[in-house]
Amino acid sequence: TWNHEHIALLGKCLVSPEEIGYPIVRQLADYVLVWTTRYAGMPGDDLAKSPHMARIAGSVYDDVKQEGFYVDERGNPSESMRQSLLFKLSASGIAPDVEALTHYEEAYTSKNRMVRIWKVLDVDEETKRATNAGEHKVCDAGGWYCPGQYPEKLREVLSTKRDFQLEH
């Protein structure tokens, strides 16, 4: 990840419902990997970290609600977590009460269901071509420092962010 604002964008994708996160994901990735240790009886997976993702995303994007995003002491997700893309990537096809994903296809689930990899369907091929051609790189004069820039098709979502300000 590049910085706090990039982490916030990724967090926005994961803690939002699938229909909100998917248009962003299809510009950034071909696959999504999720770490889901809860089905092997261990805490500390991506869902356990997702309240932090919600806080970071909410610090940059006003439409991401930080409060009410949690797993209770019995392991039950809050309603906002249950609706999130991350929860569905973690539980779809495993938990019987979780609806199937619309824009992702299961590519791999490990034997103990701790690692799940999902193929992003209908990846934006124009963005992928431009990225592979290096069109999203912005290099300094020496060419050794080349931070990325986002695809043009993310301009609308990026226009809704506010610059992160560290509070003292």
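Notes on the structure follow. Source: prediction; values computed, not measured.

What follows is about the overall build of the protein. From N to C terminus, the protein includes seven helices and three strands. Along the protein, helices and strands appear, N-terminal first, in the series α-α-β-α-α-α-β-β-α-α. Along the first, second and third principal axes, the C-alpha atoms of the protein reach 55 × 40 × 25 Å. Excluding contacts between residues fewer than 6 apart, the proportion of contacts in the protein whose partners are at least 24 apart in sequence is 59%. Element-wise, carbon and sulfur atoms account for 53% of the exposed surface of the protein, whose accessible area totals about 9,900 Å². Within the protein, one finds 20 positive and 26 negative side-chain charges whose respective centroids are separated by 4 Å.

To continue, consider the nonpolar core. Residues Leu 9, Val 25, Val 32, Tyr 61, Leu 89, Tyr 104 and Val 120 are the most contacted members of the largest nonpolar core, which totals 34 residues. When residues no more than four places from it in sequence are discounted, the contact partners of Leu 9 are Ile 24, Leu 28, Tyr 61, Tyr 150, Leu 154, Val 157 and Leu 158.

Take helix H6 (residues 125-132) next. Near the N-terminus of H6, the side chain that reaches the backbone nitrogen of Glu 126, with its oxygen 3.1 Å away, is that of Asp 124. Of the residues flanking the end of H6, it is Gly 134, one or two places downstream, whose phi is positive at about 85°.

What follows is about the side chain of His 103. Its place among the elements puts His 103 in the loop between helix H5 (85-91) and strand E2 (104-109). In this structure His 103 touches Glu 18, Glu 19, Tyr 22, Lys 119, Val 120 and Leu 121, once residues within four positions along its chain are discounted.

Turning next to the packing of helix H1 (residues 4-15) against helix H2 (residues 18-28). Remark: H1 packs on H2, axes separated minimally by 8 Å, with the N-to-C direction vectors making an angle of 130°. Taken together, the axes of H1 and H2 are oblique relative to one another. Taken as a pair, H1 and H2 cross one another with a handedness that is left-handed. Contacts between H1 and H2 involve Leu 9, Leu 10, Lys 12 and Cys 13 from the first element and Gly 21, Ile 24, Val 25 and Leu 28 from the second.

This brings us to the sheet that holds E2. Strand order in the open sheet formed by three strands is E1-E3-E2, with antiparallel pairing between adjacent strands. Every interior strand has two partners, whereas the edge strands, strand E1 (31-35) and E2, have only one. Neighbour to neighbour, the strand axes of the sheet diverge by 25° on average, direction disregarded. Here five bridges tie E1 to strand E3 (residues 115-120), and the two strands are oriented antiparallel to one another. Each bridged residue has a counterpart across the sheet, and for Tyr 31 the counterpart in E3 is Lys 119.

Moving on: the pattern of salt bridges. In this structure the tally under the stated criterion is 15 salt bridges. With a shortest N-O distance of 3.1 Å, Glu 5 and Lys 161 are connected by a salt bridge. Here Glu 5, found in helix H1, pairs with Lys 161, found in the segment after helix H7 (155-158); they are 156 residues apart in sequence, far enough to count as distant. Connected through salt bridges with shared partners, the residues Arg 26, Asp 122, Asp 124, Glu 126 and Lys 153 form a single ionic network.

Moving on: unusual backbone geometry. Excluding glycine, residues mostly have negative phi values, and the peptide bonds linking residues are mostly trans. Here the phi dihedral of Arg 113 falls at roughly 65°; this positive angle occurs in a residue that is not glycine. Tracing the backbone through its elements, the reader meets Arg 113 in the loop between E2 and E3. According to the relative accessible area criterion, Arg 113 is partly exposed, its value standing at 34%.

On to the side chain of Ser 92. Inspection of the secondary structure assignment puts Ser 92 in the loop between H5 and E2. When residues no more than four places from it in sequence are discounted, the contact partners of Ser 92 are Phe 87, Val 98, Glu 99, Ala 100, Leu 101, Arg 116 and Trp 118.

What counts and what doesn't
- Residues numbered from 1 in each chain as written.
- Predicted model: local features only at pLDDT ≥ 70, side-chain atom pairs only at ≥ 80, totals over all residues.
- Heavy atoms only, no water.
- Helix = DSSP H or I, 4+ residues; strand = E, 2+ residues; numbered from the N terminus.
- Contact = heavy atoms within 4.5 Å.
- Areas by Shrake-Rupley, 256 points an atom, 1.4 Å probe, with all protein chains shown as cover.
- Lys, Arg positive; Asp, Glu negative; His and termini not counted.
- Charge placed at Lys NZ, Arg CZ, Asp CG, Glu CD.
- Core = buried A, V, L, I, M, F, W, Y, C linked by side-chain atoms within 4.5 Å.
- Buried < 20%, exposed > 50% of the residue type's maximum accessible area, 1.4 Å probe, protein only.
- Polar contact = N/O pair within 3.5 Å; in protein donor to acceptor, adjacent residues only side chain to side chain.
- Axes fitted to C-alpha atoms, helices over the stretch in contact; angles between N-to-C directions.
- Parallel < 35°, antiparallel > 145°, perpendicular 65-115°, else oblique.
- Left-handed = near helix turned anticlockwise from the far one by under 90°.
- Pairing = 2+ DSSP bridges.
- Salt bridge = Lys/Arg side-chain N within 4 Å of Asp/Glu carboxyl O.

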